[in-house]
Amino acid sequence: MVILPPVEVIEKLIDINRQATAKNAAWGSLAKDDFLPHLSLAMGGVEYDNLEKVKNVIKDTISEFGAISIELNELYFVERPDGSRNYCFRVKNTSVLQQLHEKLMNNLRPYFSYDCTKDSLFSKPGEEIIVPDYLNKYLSSYSFNAFEPHITLRTKEAVGQEYLPIKFIANKVAVFHAGVMTTCRKEFFAVELARS
């Protein structure tokens with residue numbers, strides 16, 4: 001489950017990704033209808049039959065929160081096992097963002113599993129999929145005290161630094177079927193955060 005930025009921020013992130021794509025320095029494109037730029041809040045495998053229950057848990061959880069101020073404030077990279085880089089914009093973590101992450105993880109824990117396989121991921125014919133290690137390790141290695149909010153640019157080179165900081169008000173939480181590199185591929189549903 002993710003925060004989706006407003007359209008104008010999504011378009012800016014797509015443009016930044018295109019700069020790298022034009023130089024053959026991207027892992028793949030970002031777009032408005034597939035591979036959406038996003039800020040991950042909670043992650044886990046969910047049985048399709050539980051999606052409606054998950055939606056209700058999310059609605060109840062986020063009803064305690066208003067729209068959230070988000071600031072993208074640093075360009076950094078994550079090194080992959082082969083030594084290549086994947087660049088991201090770090091999100092300034094706030095107490096509200098941390099609380100939302102923790103409440104969602106705690107409230108959704110009964111529905112989450114962490115034994116996903118390649119077949120669990122969304123893919124189109126011809127797409128190469130690997131075992132979703134990041135997703136399977138999310139609870140143990142990337143959540144709660146280890147939560148590091150970010151938006152992945154899907155670039156192999158440093159691009160976009162000149163646009164920072166990027167500030168926006170987040171008011172939409174969505175659940176997607178994850179694809180390669182935990183990308184947002186197919187939207188299942190979205191829920192609005194109350195306007196502050």
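Up top is the structure.
Being a predicted model, the structure only gives us computed values, none of them experimental.

(A) Region of the structure containing empty space enclosed by the protein. Counting across every chain of the model gives one cavity of 30 Å³ or more. By volume, the largest cavity is sized at about 40 Å³. In terms of lining, the largest cavity is formed by Ser40, Tyr134, Tyr138, Tyr142, Phe147, Glu148, Pro149 and His150. Of the residues contributing to the lining of the largest cavity, the split by class is five nonpolar, two polar and one charged.

(B) Geometry of the packing of aromatic side chains. For the structure shown, the criterion picks out five aromatic pairs. Arranged with centres 6.2 Å apart and planes meeting at 80°, the rings of Phe112 and Tyr114 form a pair that is edge-to-face. Accessibility expressed as a relative area gives 12% for Phe112, which makes it buried. On the basis of relative accessibility, which here comes to 21%, the residue Tyr114 falls in the partly exposed class. Ring pairs connect the aromatic residues Tyr134, Tyr138 and Tyr142, which therefore count as one cluster. Here the guanidinium or amino end of Arg80 rests over the ring plane of Trp27, the centre of that ring lying 4.1 Å away. One residue, Lys156, lies across the ring of Trp27, its end atom 4.6 Å from the ring centre.

(C) Up close: the side chain of Asn136. Take Asn136: it is sitting in helix α4 (residues 133-136). Since its relative accessible area comes to 17%, Asn136 is described here as buried.

(D) Local environment of the sheet that holds strand β1 (residues 2-3). Read from one edge of the open sheet, four strands run β2-β1-β7-β8, paired in antiparallel fashion. Here the strands that pair on one side only, and so sit at the sheet edges, are β2 (39-40) and β8 (184-192). The strands touched by helix α2 (residues 51-62) are β7 (172-178) and β8; relative to β8, the strand with the most contacts, the crossing angle is about 45°.

Definitions and cut-offs
- Residues numbered from 1 in each chain as written.
- Predicted model: local features only at pLDDT ≥ 70, side-chain atom pairs only at ≥ 80, totals over all residues.
- Heavy atoms only, no water.
- 1 Å grid on protein atoms, 1.4 Å probe; cavity = no way out; pocket = protein on both sides within 12 Å on 5 of 7 lines; lining within 4 Å.
- Points joined across faces, edges and corners; volume = space filled by probe spheres on them.
- Nonpolar A, V, L, I, M, F, W, Y, C, P; charged D, E, K, R; others polar.
- Phe/Tyr/Trp six-rings, centres within 6.5 Å; stacked < 30°, edge-to-face > 60°.
- Buried < 20%, exposed > 50% of the residue type's maximum accessible area, 1.4 Å probe, protein only.
- Lys NZ or Arg CZ within 6 Å of the ring centre and 35° of its normal.
- Helix = DSSP H or I, 4+ residues; strand = E, 2+ residues; numbered from the N terminus.
- Pairing = 2+ DSSP bridges.
- Contact = heavy atoms within 4.5 Å.
- Axes fitted to C-alpha atoms, helices over the stretch in contact; angles between N-to-C directions.

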